[in-house]
Amino acid sequence: NAGVTQTPKFQVLKTGQSMTLQCAQDMNHEYMSWYRQDPGMGLRLIHYSVGAGITDQGEVPNGYNVSRSTTEDFPLRLLSAAPSQTSVYFCASSYKGMNTEAFFGQGTRLTVV
Amino acid sequence: AQSVTQPDIHITVSEGASLELRCNYSYGATPYLFWYVQSPGQGLQLLLKYFSGDTLVQGIKGFEAEFKRSQSSFNLRKPSVHWSDAAEYFCAVEGDSSYKLIFGSGTRLLVRP
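A brief look at the structure comes next. (Residues numbered from 1 in each chain as written. Chains lettered and ligands numbered in written order. Predicted model: local features only at pLDDT ≥ 70, side-chain atom pairs only at ≥ 80, totals over all residues. Heavy atoms only, no water.)

**Quick notes on the overall build of chain B**
Stage number 1. Counting its regular elements, chain B contains zero helices and 12 strands.
Stage number 2. Along the chain direction, N to C, the helices and strands of chain B fall in the order β-β-β-β-β-β-β-β-β-β-β-β.
Stage number 3. Radius of gyration (C-alpha) of chain B: 13 Å, near the 13 Å computed for a compact globule of 113 residues.
Stage number 4. With the C-alpha coordinates of chain B rotated into their principal frame, the extents come out at 40 × 30 × 20 Å. (Helix = DSSP H or I, 4+ residues; strand = E, 2+ residues; numbered from the N terminus. Rg over C-alpha atoms; globule rule 2.2 N^0.38 Å.)

Written out as structure tokens, the structure reads:
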């Protein structure tokens, strides 16, 4: 049982480049979300999805796109990377919403230079 | 708007000593409250949660937390800390929907041998 798998674990981008952070879960969870973690700020919600084909914005969505074509996958796209997007990104999934136990991936450490 | 405050950025305790991590929240109604732990290089893991009922909640790894409505607090405690408890601890409250968690900025626990 892999749980929540994020790839890559580390990435360095140049300003203006685009990339996709991958997230997959094998628990048949309806709810998936992306958070970014910055020092002294805890985790902040970027985007979330309550099921295949349904996504919505979180607290800090600017500069990021998401889609949910399958239950298992929830990729996060950076359209034009900026240094302010340097952060650690976490994907989480739960059966129904964050008031049920959320399972987190190990994170992707992204540096934009 | 909901918010969570963890006033201690770092806490150092000796192995075998007791531990209390503070968490204060701002929420209009009865909150759903959570404590998550993040070990180095890992994602977050749920320690315990409070929805309603008994205000003393037991979690995994010997942790407990007490909900005090009058103080808007949800402090995490452990009677005897082990070296493996060294990690970062996040308090969280359900946001304006069950799909959002509002995280505190975290408390890093260091354990002295």
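And the narrative resumes.
**Description of the nonpolar core**
Residues and elements named next belong to chain B.
Stage number 1. Leu 19, Trp 35, Leu 47, Leu 48, Phe 74, Leu 76 and Tyr 89 are the most contacted members of the largest nonpolar core, which totals 26 residues.
Stage number 2. Counting residues per element, the ones that place at least two in this core are strand E2 (10-14), strand E3 (19-21), strand E5 (33-38), strand E6 (44-50), strand E8 (64-68), strand E9 (73-78), strand E10 (87-94) and strand E12 (107-112).
Stage number 3. With four residues, the top contributor of residues to this core is E10.
Stage number 4. In this view, Leu 19 contacts Ile 11, Val 13, Phe 63, Leu 76, Arg 77, Lys 78, Val 81 and Leu 109; residues no more than four positions away in its chain are not counted. (Core = buried A, V, L, I, M, F, W, Y, C linked by side-chain atoms within 4.5 Å. Buried < 20%, exposed > 50% of the residue type's maximum accessible area, 1.4 Å probe, protein only. Contact = heavy atoms within 4.5 Å.)

**Quick word on unusual backbone geometry**
Stage number 1. Residue Pro 8 of chain A is bonded to the preceding Thr 7 of chain A through a cis peptide linkage, with omega at -5 degrees.
Stage number 2. Along the chain, the position of Pro 8 of chain A falls in the loop between strand E1 (4-7) and strand E2 (10-13).
Stage number 3. Notably, Lys 61 of chain B is not glycine yet its phi reads approximately 60 degrees, a positive angle.
Stage number 4. In this fold, Lys 61 of chain B is placed in the loop between strand E7 (56-58) and E8.
Stage number 5. Here Lys 61 of chain B falls in the partly exposed class, since its relative accessible area comes to 45%.
Stage number 6. One non-glycine residue, Ser 72 of chain B, lies in the positive phi region at around 50 degrees.
Stage number 7. As for its placement among the helices and strands, Ser 72 of chain B is situated in the loop between E8 and E9.
Stage number 8. A relative accessible area of 28% means that Ser 72 of chain B is categorised as partly exposed.

**What to know about the interface of chain B and chain A**
Stage number 1. Counting residues at the interface gives 21 residues for chain B and 21 residues for chain A.
Stage number 2. For the pair chain B and chain A, the two sides together bury roughly 1700 Å², of which 58% comes from carbon and sulfur.
Stage number 3. For chain B, the biggest contributors to the area lost against chain A are Leu 44, Tyr 99 and Phe 103 of chain B; these three give 32% of the whole.
Stage number 4. Within the residue set of the side of chain B that touches chain A, elements represented by two or more residues are E5, E6, E10 and strand E11 (101-103) of chain B.
Stage number 5. Per-class residue counts for the side of chain B that touches chain A are 10 nonpolar, seven polar and four charged. (Buried area = accessible area lost by both parts, 1.4 Å probe. Nonpolar A, V, L, I, M, F, W, Y, C, P; charged D, E, K, R; others polar.)

**Concerning the pattern of salt bridges**
Residue and element names in this part refer to chain A.
Stage number 1. What the rule picks out here adds up to eight salt bridges over all chains.
Stage number 2. The partner of Glu 30 in a salt bridge is Lys 96, and the shortest N-O contact between them spans 3.2 Å. Pair noted here: Glu 30 is in the loop between strand E3 (19-25) and strand E4 (31-37) and Lys 96 is in the loop between strand E9 (87-94) and strand E10 (103-104), with a separation of 66 residues, a long-range link.
Stage number 3. Glu 30 sits in the partly exposed class, given a relative accessible area of 34%. (Salt bridge = Lys/Arg side-chain N within 4 Å of Asp/Glu carboxyl O.)

**Looking at the state of the cysteines**
Residues and elements named next belong to chain A.
Stage number 1. What the rule picks out here adds up to two disulfides over all chains.
Stage number 2. Note on cysteine connectivity: Cys 23 is disulfide-linked to Cys 91, with sulfurs 1.9 Å apart. With the S-S bond torsion at -70 degrees, the cross-link from Cys 23 to Cys 91 turns out left-handed. With Cys 23 in strand E3 and Cys 91 in strand E9, this residue pair connects regions lying 68 residues apart in the sequence.
Stage number 3. You can call Cys 23 buried: its relative accessible area is 2%. (Disulfide = S-S within 2.5 Å.)

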